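# Structural characterization, general
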Amino acid sequence: MNAIDPSAPEKIAWNEAFCSEGANCFRFGLDDAGRAYIGSTLTPDAYVTDSVEALRALIAAVKAGQADHLL
């Protein structure tokens, strides 16, 4: 995934945020070029971006337990 890209489109359609205890909220978005974004509601101008395929792979890996050591 990439850090903030200054050439990224300004129009990102964000989904409703997913929040856990303590108001730790993450959100997912797409831009008009079809790139995927993950951001936090605590820092709305900060996000990572990559292809939709990369986001799908990340979600599949998390669901498969590959990030369980972070819990």
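### Some details on the overall build of the protein
Looking only at helices and strands, the protein has one helix and five strands in total. Going from N to C terminus, the protein has its helices and strands arranged as β-β-β-β-β-α. Burial analysis of the protein (71 residues in total) assigns 24% to the buried set. For the protein, contacts bridging at least 24 residues in sequence account for 27% of all contacts bridging at least 6. Working note: accessible area of the protein is about 5200 Å², and carbon and sulfur atoms make up 58% of it.

### A closer look at the state of the cysteines
Summed over the entire model, instances satisfying the criterion amount to one disulfide. Between the sulfur atoms of C19 and its disulfide mate C25 the distance is 2.1 Å. Note on the C19 and C25 pair: the S-S dihedral is about 115°, so by sign convention the disulfide is right-handed.

### So, the pairing of strand β4 (residues 35–40)
For β4, the tally of buried residues reaches five of six residues, placing the bulk of the element in the interior. Here strand β3 (residues 25–31) pairs with β4 via five bridges, running antiparallel. Residue pairing for β4: L30 is matched across the bridge by A36. Counting the residues in the hairpin turn of β3 and β4 gives three residues, including G34, whose phi is positive at 85°. The pairing of β4 with strand β5 (residues 47–51) spans five bridges and is antiparallel. Paired with R35 across the strands is S51, a residue of β5.

### Description of the layout of surface pockets
Roughly 150 Å³ of internal volume is contained in the largest pocket. Considering the residues around the largest pocket, the lining is formed by L58, I59, V62, K63, A67, D68, L70 and L71. Residues that form the lining of the largest pocket fall into these classes: six nonpolar, no polar and two charged.

Reading the values: rules and limits
Residues numbered from 1 in each chain as written. Predicted model: local features only at pLDDT ≥ 70, side-chain atom pairs only at ≥ 80, totals over all residues. Heavy atoms only, no water. Helix = DSSP H or I, 4+ residues; strand = E, 2+ residues; numbered from the N terminus. Buried < 20%, exposed > 50% of the residue type's maximum accessible area, 1.4 Å probe, protein only. Contact = heavy atoms within 4.5 Å. Areas by Shrake-Rupley, 256 points an atom, 1.4 Å probe, with all protein chains shown as cover. Disulfide = S-S within 2.5 Å. Pairing = 2+ DSSP bridges. 1 Å grid on protein atoms, 1.4 Å probe; cavity = no way out; pocket = protein on both sides within 12 Å on 5 of 7 lines; lining within 4 Å. Points joined across faces, edges and corners; volume = space filled by probe spheres on them. Nonpolar A, V, L, I, M, F, W, Y, C, P; charged D, E, K, R; others polar.

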